[in-house]
Amino acid sequence: MSAVVTPSQSTDSALTEPTLRKLDALRDGLNEALKGKAEVVEHVLVCLLSRGHLLLEDKPGLGKTTLAKAVAQGVGGRFARVQCTPDLLPSDVTGFNIYNQKTHEFEFREGPVFADVLLADEINRATPRTQSALLEAMAERQVTYDGTRYKLSDEFFVIATQNPVDQHGTYPLPEAQLDRFAMKLSVGYPGREHELDMLEAAIGETADTPGPVDPVFAAGELSAVQKSIAAIAVAPSIRDYIVRLGEATRTHRLVELGLSPRGLLTLQRAAQAKAALSHRDFVTPDYVQDVAEPVLGVRLGVDGDDSLPVVREILESVEVPTEG
Amino acid sequence: MRKAEKTTTGFRAAVPLTVGLGLLAASILTIASGEDSGRVWVFAELVLQAVLAVSAAVWIGRKAKDWETPPSVSPVLVVLGFGTFVCEPFYRTFGVGRPGEIVLMDGLKHVVLGLAVVSYWRQYRRLAVLMSLFLMMFAVSISTDRAVQIAAGIFAAVALFWAAADYWEGLRDSLIAESKGGVPRWWLAGVAVAFVAVLATASAGSGGGLQNLTGFMPSSGGTDWYDPYARDGVRDGDAVVAGSKDIRSFAPIEDAPFMVDDRPTLYDVFDDSYEEPVKNKKYQRAISLVQEFAIDRCQQRLAQLKKAGKEFSTFRKPKDEKQKGRMSDRDGGAMFYVAGRTPLHLRLRAYDLFDGEVWVEEDEEVGVFNIRKVDGKPWAIPPLPPESFAVFAASEGHMLKIIDLDTAVIPAPLHTRGVHIDQVDRADFYKIAYNDMPALDRDAIPPLTTIHVASEVVDRDTLQDEWRLGSSAGPSYSAWPDHPDWQDITRLADEWTSSATSRWDMVQAVTARLREGYRFERGVWTPASRRTDGEPSDREAATGDASDDGQTAGRPETDRLPVSSFLFDTKAGDDYHFATAAAMLLRAKGFSTRLVQGFYASPDAYDPKAKNTPVRAEDVHTWCEVYLGTRVWLTVEATPGYEVLGPPPTLVEQAIAALAAGWRAVSDRPLTSLAITALAVFAWIFRADLLDFVDTVVWRARGFTDERSRLLATAGLLERRGQRIGLRRPAGTTLRRWLGATYGFTFDETSFLRSLDAASFAGHVDGPPVDVRALVARYSLAGLRKRHGRPRSGRLTFLRSAMFTRSDSVRT
């Protein structure tokens with residue numbers, strides 16, 4: 001169809017060999033922390049590298065916190081955790097002004113959002129007001145309090161967890177806010193084999209969580225990696241494919257809310273991250289398909305509970321490009 | 001382009017297919033309607049419309065991505081459609097006008113092409129194809145040009161593809177989940193090929209299955225129309241009567257200057273066809289009658305008419321070899337032409353009295369014609385019989401163009417109900433010949449006269465119920481020869497009709513016996529006559545009929561009647577033998593019968609191009625008619641190979657006739673058909689292997705300039721290879737994943753897949769070069785079949801498994 005695609009800018013901002021090795025090391029570390037969940041780990045990495053936020057929807061005790069902590073340690077950033085409850089106030093998340101008796105001035109006490117990796121546990125138990133405060137921070141990477149704007153970390157990465165939505169005392173996230181997340185994943189139970197390993201490893205250990213993950217990136221290094229990933233080449237036919245996927249979600253009979261333009265951007269970014277993790281400097285339809293399920297799963301308003309069958313159906317029906 | 005293709009075109013070949021279909025239909029119409037103009041003009045028009053349509057389609061295709069819908073389609077289409085009508089008066093002022101329906105179709109053609117050009121948008125595409133289908137059907141119905149038939153076959157095949165692809169596309173749109181497979185193209189191709197084959201055989205066969213379609217499409221040459229540019233139509237009104245403008249209008253005018261000379265008289269025609277009668281000097285025959293009082297009158301008339309030469313002897317010379325040669329030289333010139341349904345018995349003479357050897361002509365009936373205006377035309381109506389029988393199916397219209405017929409009797413079918421010659425509006429121009437034959441009151445019908453004849457056709461299915469009572473047409477119609485052979489004939493008639501319960505059964509039984517048990521041969525010798533005349537005995541030796549010689553020599557009565565000789569000895573005869581035999585056998589059962597001579601317009605002689613049937617001198621025929629009562633007669637055709645016109649065929653009957661024609665075309669060439677079928681079956685079974693072989697050879701022969709195109713072509717080849725055994729890549733599966741899973745690539749080949757990915761989506765190739773030739777050779781079609789357990793043909797496996805299970809069960 002079109003002429004040979006030049007690998008645009010990928011030569012100068014291409015991921016260098018050491019960076020790629022660091023990514024592999026991060027993957028190994030996370031896999032060590034969360035055994036038997038290579039696929040989930042891969043998606044978490046995609047989400048992290050594409051500067052998206054992650055929504056984990058699963059039952060308690062499946063290692064969500066462990067994963068979030070491991071990510072924080074791996075990227076060498078600060079980790080914070082907010083346990084969301086109905087009485088959690090927005091300022092509990094963002095931070096608040098406190099009167100300093102010595103200086104006779106108000107000074108800002110930073111909340112947990114000023115960490116590099118934030119785990120917002122059971123986010124759907126927080127009130128919509130608190131949810132929206134957190135979501136502003138996620139989208140803008142900044143916090144406005146009392147008229148002053150506070151910038152968050154460049155590598156700010158939120159892992160929010162929520163219990164399955166049909167439980168009591170929950171405030172389900174509206175679609176507009178779900179769109180702020182790059183992906184929705186569920187961890188799921190580990191396999192029998194991994195559970196046996198886990199039990200064996202726990203013998204003699206006092207803490208239930210495995211040892212800390214070695215930090216892979218130096219401070220600020222992750223955002224450089226994220227920038228170079230954003231420059232990975234996407235052929236016109238792949239972009240067309242992404243757009244057609246978006247159109248298919250909008251015209252599907254079971255989908256009430258299709259993919260937004262922001263969703264298209266997220267999908268492309270995620271595919272780029274996936275390509276980087278596969279050591280390629282260009283995107284293929286395989287990478288788009290690999291990340292499509294969690295990316296589309298979080299943001300399709302599907303009639304009924306489960307969006308995954310719909311996403312699979314759309315992936316099967318939209319024609320895949322075979323060349324540039 | 002991409003985006004436009006997605007939202008508008010759907011399947012990939014839609015636009016080329018639609019434009020192709022539109023152009024095909026347009027070309028068919030151009031060829032069909034351009035028979036009058038020169039070939040150069042037709043060719044120029046074909047090229048012009050193809051170039052215009054294709055270039056317009058290409059241009060629109062480039063624009064299509066910018067347009068949500070094409071601007072101002074409807075006004076352009078209106079201009080295209082009506083432009084033809086606006087231009088027509090100008091054409092006509094220059095004397096090159098066209099018939100009304102052609103102008104209409106030409107406008108439609110322009111609209112179709114316009115719609116095909118904008119077929120990037122689905123709403124226009126479907127309309128374009130629908131209209132082109134109509135265009136094609138119309139064009140096929142007005143022409144018998146071979147090119148038109150071939151183009152129509154191609155159109156059918158392409159349209160079938162189009163329809164199936166469009167249907168599948170529609171399905172995919174509405175039920176995304178269900179349509180996991182692609183379009184089953186192989187099946188479609190098979191069906192399309194079969195369809196084209198049937199169509200081709202039907203149209204190429206001698207029967208001309210396509211001819212059955214004529215008359216379904218309207219044309220301008222009707223009875224109520226006047227248009228100087230009209231084509232010849234169903235009733236072929238004005239254009240035919242004029243007969244001056246267009247040679248196709250009816251008759252071959254070329255031989256008109258030569259026609260005046262040496263015109264054979266009708267007697268010559270009959271005698272040439274049936275050979276000369278042989279005079280029988282020894283015996284005077286007589287007739288026998290039931291009603292004794294009438295015998296004198298009949299005997300008198302017999303003698304009188306025989307003297308006047310108004311007779312037909314059934315005792316004739318055989319045809320010799322020299323004459324046979326001469327006969328075949330002479331055919332060609334038609335005596336007249338018939339338009340209308342055939343087979344048709346056209347009557348010229350009737351005989352009632354028969355003395356065993358000679359038939360004498362029927363008495364003339366006095367009757368007057370009445371002139372009645374029908375649609376402003378004068379029709380001569382003969383005296384109509386009282387309506388007492390409900391045996392008539394429908395009225396038939398026939399048209400005769402007399403070229404060279406030296407008789408005043410109009411060769412009309414039985415039960416003529418009206419005769420029309422243009423501008424002849426006086427009843428005294430007509431008279432009645434014999435009992436009920438229309439004739440002109442003059443010496444002969446002028447050459448080139450066009451005569452319309454309306455008649456009624458007997459529906460034979462009604463005879464069983466309607467024809468119950470016997471009735472007599474008069475003593476002369478039931479008289480029998482006063483001869484000892486009469487006893488034999490009566491016995492034979494009794495024997496043949498022994499199981500018949502009704503009168504119609506009897507007629508059918510006699511006809512069937514004659515048609516099945518006797519051989520029809522022109523100019524065959526009736527051996528019994530050898531004794532009465534010394535001259536033919538050496539000729540008898542020439543025919544070498546030795547067995548009959550011995551048989552008849554042993555009999556004391558040497559003067560066997562020719563008809564009984566035919567019935568009992570030779571069992572072979574000319575059509576007058578059959579007719580005489582039928583007449584006599586039926587008279588023996590109490591029927592009134594007569595012998596009729598005239599012409600037989602055979603359906604085999606039908607000229608599809610001129611849409612008429614020429615009747616030549618050798619179409620002279622003799623048959624028998626049996627009396628039903630109240631001046632209704634029934635044609636009894638005892639001669640094998642001759643048929644009687646029945647009621648018009650229904651659509652189903654026509655379809656069956658078309659199928660039969662197709663079958664005949666196949667069965668006439670059994671070896672060729674068998675070879676083609678075997679070849680087709682072989683090609684069908686090994687279709688995947690053959691295609692894959694060709695594909696691989698082409699792939700190998702291609703010189704690749706760079707690694708990237710080489711990798712892409714290889715991937716394409718491997719993908720097609722899988723498709724050939726039914727492993728189609730689902731639309732949503734990436735090529736890499738599909739190739740890996742389908743071929744079960746080992747680690748080596750994953751480097752091929754990696755390189756392929758780079759070649760496809762990065763535009764450059766990284767990694768080491770891949771030996772694609774070795775790859776293609778390693779992952780062959782046979783290996784793929786084995787891997788997926790897909791044998792060559794599902795049906796063959798089914799057979800094989802059926803055989804194996806049977807043998808297994810025997811073993812256990």
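Because the structure is predicted, anything quoted here is derived from the model rather than measured.

Sorry, what's going on with the overall build of chain B here?
Each helix and strand counted, chain B has 29 helices and 19 strands in total. Expressed as a percentage of the 812 residues in chain B, the buried residues total 38%. Counting only contacts in chain B whose residues sit at least 6 apart along the sequence, the fraction spanning at least 24 positions is 75%.

Honestly, the overall build of chain A in this entry has me stumped. Any pointers?
A count of helices and strands for chain A gives twelve helices and eleven strands. With 324 residues in all, chain A has 46% of them scored as buried. Pairs at least 24 apart in sequence give 78% of the contacts found in chain A among residues at least 6 apart.

Even after reading the chapter, I still don't get the interface of chain A and chain B, so can you show me in this structure?
Think of interface size as the accessible area that goes away when the parts come together; that is how it is often given. Taken together, the contact between chain A and chain B spans 25 residues of the former and 20 residues of the latter. Counting residues per element, the ones that place at least two in the side of chain A that touches chain B are α9 (236-251), α11 (285-299) and α12 (308-317) of chain A. Per element, the largest residue contribution to the side of chain A that touches chain B is four residues, and it comes from α12(A). Across the side of chain A that touches chain B, the residue classes tally to twelve nonpolar, six polar and seven charged.

When you look at helix α1 (residues 17-33) of chain A in this model, what are you seeing that I'm missing?
Count 3.6 residues to each turn of an α-helix, and residues three or four apart come out pointing the same way. All names here are of chain A. Spanning 17 residues, α1 covers 25 Å between terminal C-alpha atoms, matching the ideal 24 Å at 1.5 Å per step. For α1, the set of buried residues is L23, L26, G29, L30 and A33. An end-on view of α1 places all buried positions within 120° of arc, on one side of the element. Opposite the packed face of α1, turned more than 90 degrees from it, sit the exposed residues E17 and R21. For α1, the elements touching its buried residues are α2 (38-49), α3 (64-74) and α10 (261-277).

I tried to follow the sheet that holds strand β8 (residues 157-162) of chain A on my own but got confused; where do I start?
Sheet strands pair by backbone hydrogen bonding; their relative direction is either parallel or antiparallel. Residues and elements named next belong to chain A. Strand order in the open sheet made by the five strands is β2-β5-β8-β1-β9, with parallel pairing throughout. If you trace the sheet from one side to the other, it starts and ends with β2 (79-83) and β9 (183-185), each paired once. With direction set aside, neighbouring strand axes in the sheet form an average angle of 20°. Docked against the sheet, α2 engages β1 (54-57), β8 and β9, running at close to 160° with respect to β9.

Honestly, unusual backbone geometry in this entry has me stumped. Any pointers?
What you tend to see is this: most non-glycine residues have negative phi, and most peptide bonds are trans. Put simply, T342(B) and P343(B) share a cis peptide bond, and its omega is 0°. Along the chain, P343(B) turns up in the loop between β3 (334-339) and β4 (344-354). For R51(A), which is not glycine, the phi torsion reads 55° and is therefore positive. Since 21 C-beta atoms lie within 10 Å of it, R51(A) is described here as buried. Unlike most non-glycine residues, E122(A) shows phi in positive territory, near 50°. Structurally, E122(A) is set in the loop between β5 (117-121) and α5 (128-140). Overall, E122(A) belongs to the buried group, with 20 C-beta atoms counted inside 10 Å.

For this particular structure, what's the right way to read the sheet that holds strand β19 (residues 632-636) of chain B?
Residue and element names in this part refer to chain B. Here six strands make up an open sheet; going across it, the order is β2-β5-β4-β16-β18-β19 and the pairing antiparallel. Strand pairing shows two members of the sheet lacking a second neighbour, β2 (311-313) and β19, which therefore form its edges. Geometrically, the sheet is characterised by an average inter-axis angle of 40° between neighbouring strands, direction not taken into account. Pairing of strand β18 (residues 620-629) with β19 involves five bridges; the strand directions are antiparallel.

I would appreciate a short explanation of the nonpolar core in the present structure.
Within soluble globular proteins, side chains that are nonpolar tend to cluster in buried spots. Core analysis: the largest hydrophobic core is formed by 113 residues, its most contacted members being V44(A), L54(A), V71(A), V283(A) and V288(A). Top element by residues in this core is α2(A). It accounts for eight residues. What V71(A) contacts, discounting residues up to four positions off in sequence, is L30(A), V44(A), L48(A), V117(A) and I159(A). In this structure, Y274(B), Y434(B), A473(B) and M584(B) belong to the second largest nonpolar core, which totals 95 residues.

Help me understand α2(A) in this model?
Residue and element names in this part refer to chain A. Spanning twelve residues, α2 covers 16 Å between terminal C-alpha atoms, matching the ideal 16 Å at 1.5 Å per step. Among the twelve residues that make up α2, nine are buried, leaving the element largely enclosed by the rest of the structure. All buried positions along α2 are accounted for by V40, V41, H43, V44, L45, V46, C47, L48 and L49. Where α2 ends, the next residue or the one after it, R51, has phi of about 55°, a positive value.

How should the pairing of strand β6 (residues 370-374) of chain B be read in this particular structure?
Where a strand is regular, its side chains alternate between the two sheet faces. All names here are of chain B. Examined bridge by bridge, β6 and strand β7 (residues 377-381) share five bridges and lie antiparallel to one another. Across the sheet, I371 pairs through a bridge with A380, a residue of β7. Hairpin remark: β6 followed by β7, antiparallel, with two residues in the connecting loop; positive phi at D375, about 55°.

What's the story with the environment of L735(B) in this structure? I'm lost.
Relative to the helices and strands, L735(B) is located in helix α25 (residues 735-743). Taking the C-alpha atoms as reference points, L735(B) and L756(B), 21 residues apart in sequence, are found 9.4 Å from one another.

Quick question: what am I supposed to make of the packing of helix α5 (residues 100-117) of chain B against helix α6 (residues 122-142) of chain B here?
Angle between the axes and distance between the axes: these two values describe a pair of packed helices. Residue and element names in this part refer to chain B. At a closest axis distance of 8 Å, the pairing of α5 and α6 adopts a crossing angle of 150°. With respect to their mutual orientation, α5 and α6 come out roughly antiparallel. In the packing of α5 onto α6, the handedness of the crossing is left-handed. When α5 is examined against α6, the residues M105, L108, K109, V111, V112, L115 and A116 are found in contact with a partner set consisting of Y124, L127, A128, M131, S132, L135 and F138. Among the residues forming the contact of α5 with α6, the class breakdown is twelve nonpolar, one polar and one charged.

Please explain the confidence of the model for chain B as it appears in this structure.
Reading predicted coordinates in detail is not appropriate for stretches of low pLDDT. All names here are of chain B. Per-residue confidence for chain B gives a mean pLDDT of 75; residues scoring 70 or more make up 74%. Every residue in residues 212-218 scores below 50 in pLDDT, and together they form eleven contacts with partners more than four places removed in sequence or on other chains. Segment residues 221-225 is flagged for pLDDT under 50; beyond a separation of four residues in sequence, or across chains, it makes 18 contacts in the model. Across the interfaces of the predicted complex, the ipTM metric reaches 0.82, alongside a pTM of 0.51.

Which parts of the structure should I look at to understand the environment of A120(A)?
All names here are of chain A. Within the secondary structure, A120 is located in strand β5. Judged by local crowding, A120 falls into the buried class, with 29 C-beta atoms found within 10 Å. Taking the C-alpha atoms as reference, A120 lies 6.7 Å from C84; in sequence the two are 36 residues apart.

Teacher, can you tell me more about the confidence of the model for chain A here?
All names here are of chain A. Looking at chain A, the pLDDT average stands at 84 and 92% of residues meet or exceed 70. Per-element confidence in chain A is highest for α10, whose mean pLDDT is 93, and lowest for strand β11 (residues 301-302), whose mean pLDDT is 72. This model gives residues 1-13 a pLDDT under 50, and the stretch forms 25 contacts once residues within four places in sequence are excluded.

Thresholds applied
Residues numbered from 1 in each chain as written. Chains lettered and ligands numbered in written order. Predicted model: local features only at pLDDT ≥ 70, side-chain atom pairs only at ≥ 80, totals over all residues. Helix = DSSP H or I, 4+ residues; strand = E, 2+ residues; numbered from the N terminus. Buried ≥ 20, exposed ≤ 12 C-beta atoms within 10 Å, placed from the backbone. Contact = placed C-beta atoms within 7 Å. Nonpolar A, V, L, I, M, F, W, Y, C, P; charged D, E, K, R; others polar. Expected span 1.5 Å × (residues − 1). Arc of directions from axis to C-beta. Pairing = 2+ DSSP bridges. Axes fitted to C-alpha atoms, helices over the stretch in contact; angles between N-to-C directions. Core = buried A, V, L, I, M, F, W, Y, C linked by C-beta atoms within 7 Å. Parallel < 35°, antiparallel > 145°, perpendicular 65-115°, else oblique. Left-handed = near helix turned anticlockwise from the far one by under 90°. pLDDT = per-residue confidence, 0-100.

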